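# Remarks on the overall topology
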Amino acid sequence: MQIAINQPRPRHWSVLAIWMSMFGRLIGIIVGMMLGTLIADDHSQLLVVRDAAGMERPVKTKADWAERVSQIRSNMQRVMGPLPNASEAVPLDLQVVSDVHLANVSRKKIYYRPEAGDRVPAWLLMPHTATGGNKKAAMLCLHQTTKIGKDEPAGLGGLESLHYAQELAERGFVCLVPDYPSFGDYDYDFNRRGSPYASGSMKAIWNNIRGIDLLASLPEVDASRIGAIGHSLGGHNALFTAVFDERIQAVVTSCGFTPFHDYYRGNLMGWSSDRYMPRIRSLYENHPDKVPFDFYEVIAAIAPRGVYSCSPIHDSNFDVVGVRKVFEKADGVYQLFVDANATKDGAPRLKLSTPDAAHEFPRSEREAAYAWLDKVFQATATEQKND
């Protein structure tokens, strides 16, 4: 009988097999992590939330969505730096340095203090009909990238088509028009020693939040009806502020955004200056795949509050194709709030207008946006009364 004898392999073969097995497992882990990252970084997938263990589950309830919003805010702060703690807010110390009475509006030049050692220059436009017994809706009005800053929305220069603060005040809104840091009368050194801000964007957000504090403190303002409006820089500045301050009930953004992949074919250099978000350059290499948030999430995080976007089809800065994608995805989130998805007279809380125009805010679009604000705030007042 022939017996088969198993010859032992040399020891180095066993060691090699072990190393190959371990290497294979390592590659599997790395690939799995990469795939997980790709899924997590698809910012258009709004209705997915990740738990503390890194497991994903679908967003089905308002509570699920609140958890998702918390994560969006955290990821925005990874890029913009931390939002200051509200408990550290100092007294606003409002100073009025001039007061001009026009036909229907008073235009006050003011300063308010967002934090120790800093003052924000602003215009406060107050309709003559606004009183403690006749409280008005209020708007935070944010300017575009322009040297004169706040003067343009207030009607004191620049493009007439961007005098929206003056126009809104004439319609009966109390309007606060601050300078963005480094524009208008607001000298600001983004690299000053000891600054707590990692970005101009977060500094502006905090200034705007303190501006909302100011509006809410005025006896002529109905604090339940506060909104924000802006064009270009002001357009995304208004959106960013609304994500972090839920007192803003409605946002009008003109030429304010497109997803990062649709912004100049993914070249994010324009977002990365010290005035905006320098970490996009220094940490995320101006690459949209690496930035941990996107405008899909910014718009959706405002739900169920109102968002009206004027996004012209010839805007060379913010591609309307990307804007349409954002609104299509964000609509799924607004459907979680069916009861608040439209006002009682049918004005949608999520409204996209795409006029045949360039990087501008045409009169017809401004008038439509103002009418939309009237309806949203009227619905808000009715809801407050019913409650």
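Going by the structure above, here's the rest.
Let me sum up the structure you'll find in this document. Everything numeric here is computed off the predicted structure, so don't read it as measured data.

Our focus in this paragraph is the overall build of the protein chain. Helix and strand content of the protein chain: nine helices and eleven strands. With the model as given, the accessible surface of the protein chain reaches about 18100 Å², and the carbon-plus-sulfur share is 54%.

This next bit is on helix α2 (residues 62-80). Given a rise of 1.5 Å per residue, 19 residues ought to cover 27 Å, and the 26 Å separating the end C-alpha atoms of α2 matches this to within 8%. Listing the buried residues of α2 in full gives Asp64, Trp65, Arg68, Val69, Ile72, Arg73, Met76, Val79 and Met80.

Where α2 meets helix α5 (residues 233-244), the closest approach of the two axes is 11 Å, and the angle between their N-to-C directions is 130°. Considered as vectors, α2 and α5 are oriented oblique to each other. Judged by the sense of rotation from one axis to the other, the crossing of α2 with α5 is left-handed. Contacts from Arg73, Met76, Gln77 and Met80 of α2 reach α5 at Phe240, Val243 and Phe244.

Residues Ala303 and Pro304 are joined by a peptide bond in cis, for which omega reads 5°. With respect to the element layout, Pro304 can be found in the loop between α7 (295-301) and β10 (306-310). In this model, Ser182 sits at a positive phi of 90°, which is unusual for a non-glycine residue. Within the secondary structure, Ser182 is located in the loop between β7 (174-178) and α4 (200-217). By relative accessible area, which is 23% here, Ser182 ends up partly exposed. Positive phi values are uncommon outside glycine, yet Cys255 reaches one of about 50°.

The rules behind each value
- Residues numbered from 1 in each chain as written.
- Predicted model: local features only at pLDDT ≥ 70, side-chain atom pairs only at ≥ 80, totals over all residues.
- Heavy atoms only, no water.
- Helix = DSSP H or I, 4+ residues; strand = E, 2+ residues; numbered from the N terminus.
- Areas by Shrake-Rupley, 256 points an atom, 1.4 Å probe, with all protein chains shown as cover.
- Expected span 1.5 Å × (residues − 1).
- Buried < 20%, exposed > 50% of the residue type's maximum accessible area, 1.4 Å probe, protein only.
- Axes fitted to C-alpha atoms, helices over the stretch in contact; angles between N-to-C directions.
- Parallel < 35°, antiparallel > 145°, perpendicular 65-115°, else oblique.
- Left-handed = near helix turned anticlockwise from the far one by under 90°.
- Contact = heavy atoms within 4.5 Å.

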